[in-house]
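What the coordinates show
The lines below spell out each chain.
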Amino acid sequence: MRRVLVLLPAWAWLLAFVAAPAVILLGIAFGTGAEGVPPFRWPFGPGLAWQGSFGNLATLIQDEFYRDSLWRAALLAGSTAVLTLLLGFPMAFAIARARRGWRVPLLALVLLPFWTGFLLRMGAFIGLLRDQGLVNAALLGLGLIEEPLTLLYTEGAMLAGMVHAYLPFAVLPLYATLSRLDPVLEQAAADLGATPATVFWTVTLPLALPGVVAASLLVFIPAAGEFVIPELLGPSDALPVGRVLWQEFFSNRDWPMAAALAVALLALLIVPIRLFQRAS
Amino acid sequence: MPPLLLEARGLRRSYGAAVALEALDLAILPGEFFALLGGSGSGKSTLLRLIAGLEAPDGGTLLLEGRDITRDPPWARPVHMMFQSYALFPHMSVAENIGYGLRRAGVAKAEQARRVAEVLALVKLEGFAARRPHQISGGQKQRVALARSLVMRPKLLLLDEPLAALDAGLREQTGFELRALQRATGAAFVMVTHDQGEALALADRVAVLEGGRLMQVGSPEAVYARPSSAFVARFLGAANIVEAACLSLAAAEPGAAAYALRPERIRLTPGGEAIGANAAIGQVREAAFRGDATLFVVALDGGGELRVMVPADDPMPAMGERVALAWDPDDLVPLAA
């Protein structure tokens with residue numbers, strides 16, 4: 001009984017702000033567009049009479065544009081996950097093996113970007129990367145280039161922004177796993193003839209695997225729906241699903257199509273979410 | 001003089017301002033069971049880690065069969081270590097744990113399997129090859145850790161507190177097994193321990209360390225019977241340290257400022273009187289029953305106290321009773337200052 005009372009607020013919260021919106025979203029996805037506010041008709045009319053459409057779902061599957069946006073989102077989230085792992089693993093390892101008094105300050109440094117607004121940081125990226133930006137100014141000043149490089153609104157700028165924004169989400173779970181890994185195990189491996197590289201592949205990495213899985217999913221899942229960073233830093237033709245979703249909702253005011261896209265994204269993310277649950 | 005297996009010359013190591021080892025010289029003979037005995041902070045574990053190559057010395061040389069290995073990394077040294085926490089790889093089975101070193105050495109698959117089976121039989125764990133470390137008991141883990149080192153057929157095996165994590169009941173039996181394994185394999189064992197009973201019972205030679213220095217090295221019998229300093233005498237057991245100035249002593253080797261006098265060497269007579277040298281009278285203040293004997297603490301009339309061990313068959317004094325104590329000149333072991 002007491003357990004129920006403790007869990008009740010959490011369940012109520014999830015029901016009101018996760019489950020109910022998801023059901024509404026699913027409803028809109030099967031609705032049809034209409035003039036008015038809101039700009040759609042529910043799939044069920046008075047007396048639960050079916051007036052919906054599977055057209056959006058069909059478009060989603062048939063139209064290359066939408067399929068491509070899902071694929072691009074997966075690609076962007078995947079490369080972000082891989083790059084944050086490659087950067088985050090050595091960082092987390094170094095923090096976990098730092099002197100006791102150093103660990104908390106170093107972790108605080110990882111979280112330091114969160115102290116500044118997200119949009120402000122993206123603005124800073126623009127300031128760095130634009131044609132008259134700091135990077136180009138520095139390269140020109142050093143005489144390394146003759147003309148400014150096109151850095152902003154490229155795939156590279158988008159990826160840099162993504163990696164910057166999601167790196168802490170990789171470092172924290174990796175740190176949690178690596179700080180629990182007993183260095184004596186690595187010493188034992190070395191004592192039995194393993195070179196440092198072999199120690200890493202046979203002992204450190206296998207034992208850190210739960211953290212690697214957690215980190216890659218914690219980055220991949222939100223990154224797949226990311227819209228702000230591609231919008232601000234990416235090329236105009238980079239249209240991952242998050243950005244397409246935004247356009248359908250706010251530019252085209254095609255709520256049913258946008259809802260169908262959101263449902264498709266959610267369906268695609270269920271696979272890694274299930275993996276995450278099994279791993280943790 | 002047999003050739004030395006391992007020789008340490010002037011080995012030094014400090015951590016910041018704290019000196020762990022101070023110009024230490026040590027020689028290990030092939031096939032011997034050597035115990036490094038000391039309290040915490042004595043430098044015994046540091047010495048072991050230096051020999052294994054897990055830490056580098058600040059100075060000095062380590063020679064293995066005459067070859068300088070001071071700068072060799074741990075994976076290139078034919079020396080293996082059994083860690084106090086056993087350090088079994090949790091993501092591998094018992095057999096995979098034991099085969100780890102063989103895989104690194106590039107031993108052929110069939111030969112690997114044969115040697116793993118052989119060493120599993122040696123430590124009596126035949127049925128446990130497929131188990132994971134979390135599925136076996138503490139004593140079994142200890143044997144897996146031992147097997148993982150022994151399978152490499154090292155000439156020198158380092159053991160860091162090999163019995164410390166075991167239950168008291170298991171410790172004695174495992175100690176005997178350790179001794180038997182050492183004889184069977186012919187490897188030299190260097191064991192670190194803080195337990196003097198363990199060191200004296202198992203080792204061929206014992207080294208007592210304190211403050212990063214070797215206080216005394218010798219056979220258990222020699223170190224126990226003839227401690228060279230007050231520290232060693234105290235560390236090896238409940239010896240009385242008597243100062244020549246405080247008691248009327250007639251030692252076989254006169255001239256030392258202090259002597260060690262073992263409690264079991266003192267004769268106790270209830271109610272008696274002290275006659276001449278090597279005798280004292282006092283009052284029984286404490287008694288501790290030890291099964292085969294009882295330990296009495298006797299407060300001496302002239303000040304100070306002596307601990308006396310009385311065999312179970314002898315007449316026992318009551319608490320507070322006046323007693324006479326006597327000992328032989330030979331039992332006074334002179335101690336260095």
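Here the residue numbers are simple positions, counted from 1 along each chain's written sequence. Note on labels: chains are lettered from A, ligands numbered from 1, in written order. Only residues with pLDDT of at least 70 are given local features in this predicted model, and only at 80 or more are side-chain atom pairs given and counted; all residues enter the totals for whole chains, interfaces and linings. Based on all heavy atoms of the structure, the side-chain values leave hydrogens and waters out of the count.

1. Topic: the domain arrangement of chain B
All names here are of chain B. All domain edges in this entry derive from an automatic or database-based domain assignment. Split by domain assignment, chain B resolves into domain 1 (6–232) and domain 2 (239–335). Using C-alpha coordinates to define each centre, domain 1 is positioned 39 Å away from domain 2. Should any heavy atoms of two residues lie within 4.5 Å, those residues are considered in contact. If you look at the interface, domain 1 gives 7 residues, while domain 2 gives 9 residues. For the pair domain 1 and domain 2, the summed buried surface comes to about 620 Å²; carbon and sulfur atoms form 51% of the total. Salt-bridge detection follows one rule: a side-chain nitrogen of Lys or Arg within 4 Å of a carboxyl oxygen of Asp or Glu. Across the domain 1-domain 2 interface, the total number found is 0 salt bridges. Think of a polar contact as two N or O atoms within 3.5 Å of one another; within protein, one of them needs to be a possible hydrogen donor and the other a possible acceptor, and neighboring residues in sequence only count if both atoms come from side chains. Remark: the boundary between domain 1 and domain 2 carries 2 residue pairs in polar contact (both at pLDDT 80 or more). Computed with a 1.4 Å rolling probe, the buried area is the accessible surface lost when two parts are put together, summed over both parts.

2. A short note on the UniProt feature "domain: ABC transmembrane type-1" (unreviewed entry) in chain A
Taking the UniProt record as the reference, the feature "domain: ABC transmembrane type-1" (unreviewed entry) is found at residues 70–276 of chain A. Put simply, DSSP H or I for four residues or longer makes a helix, DSSP E for two residues or longer makes a strand, and each gets a number counted from the N terminus. Secondary structure within residues 70–276 of chain A divides into 78% helix and 0% strand; the distance between the first and last C-alpha atoms comes to 20 Å. UniProt positions are given in the numbering used here, feature names are shortened, and annotations may be inferred rather than shown by experiment.

3. Comments concerning the sheet that holds strand β5 (residues 67–68) of chain B
All names here are of chain B. By definition, two strands form a pair when at least two bridges between them are found by DSSP. Strand order across the open sheet formed by 4 strands is β2-β1-β4-β5, with antiparallel pairing between neighbours. Two strands bound the open sheet, and with one partner strand each, they are β2 (18–28) and β5. Bridge analysis of strand β4 (residues 59–64) against β5 gives 2 bridges, and the strand direction is antiparallel. Following the sheet pairing, L64 is matched in β5 by R67.

4. Focus on the sheet that holds strand β16 (residues 305–311) of chain B
Residues and elements named next belong to chain B. Pairing is antiparallel across the open sheet formed by 5 strands, whose spatial order is β13-β17-β14-β15-β16. A single partner strand is all that each edge strand has here, and the edge strands are β13 (267–270) and β16. The mean angle between the axes of side-by-side strands here comes to 45°, regardless of whether they run parallel or antiparallel. As a rule, the C-alpha atoms of each element are fitted with a line to give its axis, helices using only the stretch in contact, and angles between N-to-C directions run from 0 to 180 degrees.

5. Details of the interface of chain A and chain B
The figure often quoted for interface size is the accessible area lost as the parts come together. On the side of chain B, 21 residues touch chain A, which itself brings 19 residues to the contact. Taking both partners together, chain A and chain B bury about 1,600 Å²; carbon and sulfur atoms supply 68% of that area. For the interface between chain A and chain B, the tally reads 6 residue pairs in polar contact (both at pLDDT 80 or more). Within the residue set of the side of chain A that touches chain B, elements represented by two or more residues are α8 (183–191) and α9 (196–224) of chain A. Tallied by class, residues from the side of chain A that touches chain B come to 12 nonpolar, 5 polar and 2 charged. Side-chain classes are defined by residue name, with Ala, Val, Leu, Ile, Met, Phe, Trp, Tyr, Cys and Pro counting as nonpolar, Asp, Glu, Lys and Arg as charged, and the others, Gly among them, as polar.

6. Some thoughts on the confidence of the model for chain A
pLDDT measures how confident the predictor is about each residue, on a scale from 0 to 100. Looking at chain A, pLDDT values average 92 and 99% of them are 70 or higher. α8(A) holds the highest mean pLDDT among the elements of chain A, 97, whereas helix α12 (residues 255–279) of chain A holds the lowest, 86.

7. Digging into unusual backbone geometry
When glycine is set aside, most residues are seen to have a negative phi, and most peptide bonds are trans. Following A:V37, the chain continues to A:P38 via a peptide bond in cis, the omega torsion being -10°. Here A:P38 shows up in the loop between β1 (32–33) and β2 (40–41). The residue B:A23 is not glycine, and still its phi comes out positive at about 40°. Located in the positive-phi region is B:E161, a residue other than glycine, with phi close to 45°. Summarising the element assignment, B:E161 is placed in the loop between β7 (156–160) and α5 (168–185). Assessed through its relative accessible area of 7%, B:E161 is described here as buried. Only protein chains enter the calculation, and the probe is 1.4 Å; a residue is then buried if its accessible area is under 20% of its type maximum, exposed if over 50%, and partly exposed in between.

8. So, the packing of aromatic side chains
Within 6.5 Å between ring centres, the rings of Phe, Tyr and Trp (the latter by its six-membered ring) count as paired, and their orientation is classed by plane angle as stacked under 30 degrees, edge-to-face over 60, tilted in between. Scanning all chains against the criterion turns up 18 aromatic pairs over all chains. By way of ring pairs, the aromatic residues A:F40, A:W42, A:F227, A:W246, A:F249, A:F250 and A:W255 are connected into one cluster. Whether a charge sits over a ring depends on NZ of Lys or CZ of Arg being within 6 Å of the ring centre and within 35 degrees of the ring normal. Stacked on the ring of B:F89, the Lys or Arg B:R148 has its end atom at 4.7 Å from the ring centre. A cation sits over an aromatic face here: B:R262 above B:Y224, 3.7 Å from the ring centre.

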